[in-house]
Amino acid sequence: MKIIEMVVKSDCGLHARPASDFTKKTKKYKCKITVSKDDRQANAKSIIDVLSLSVHCGETISICFEGQDEELAAKEMAEFSF
């Protein structure tokens, strides 16, 4: 299991367009990817789940990777910017 933390820098937070870009990118990996904010978790491959977290500018999210390509996924997703 690999976990990274990211701060959302977009003025609009993790709204529809960046959430869509984020989920599209996560779908190319085979590992399970979960995004968390505070005490809530969401499937990072589901735009509805990601949007339900209501992530705003300046908030920190944790992204957990579990599975065969978790190292590659974590490395590449760490470079994603919102």
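Analysis parameters
- Residues numbered from 1 in each chain as written.
- Predicted model: local features only at pLDDT ≥ 70, side-chain atom pairs only at ≥ 80, totals over all residues.
- Heavy atoms only, no water.
- Helix = DSSP H or I, 4+ residues; strand = E, 2+ residues; numbered from the N terminus.
- Buried < 20%, exposed > 50% of the residue type's maximum accessible area, 1.4 Å probe, protein only.
- Core = buried A, V, L, I, M, F, W, Y, C linked by side-chain atoms within 4.5 Å.
- Contact = heavy atoms within 4.5 Å.
- Arc of directions from axis to C-beta.

Draft legend 1. Representation of unusual backbone geometry in the model. A positive phi angle, near 55°, is found at Asp38, a position not held by glycine. Here Asp38 is to be found in the loop between β2 (32-37) and β3 (40-43). Look at Asp38 and you get exposed, because its relative accessible area is 69%. Backbone geometry at Ser54 places phi at a positive 50°, although glycine is not the residue there.

Draft legend 2. Quick look at the nonpolar core. Phe22, Ile33, Val35, Ile61, Ile63, Phe65 and Phe82 are the most contacted members of the largest nonpolar core, which totals 23 residues. Residue assignment for this core shows that the elements contributing at least two residues are β1 (2-7), α1 (16-26), β2, β4 (60-66) and α3 (70-78). If near-sequence neighbours (up to four positions away) are discounted, Phe22 is found in contact with Ala44, Val50, Ile63, Met77, Phe80 and Phe82.

Draft legend 3. Main features of α3. Looking only at α3, the buried set comprises Glu70, Ala73, Ala74 and Met77. In an axial view of α3, the angular spread of the buried residues amounts to 95°, which keeps them on one side of the axis. In α3, those exposed residues whose orientation departs by more than 90 degrees from the buried face are Glu71 and Lys75. Here the buried face of α3 lies against β1, α1 and β4.

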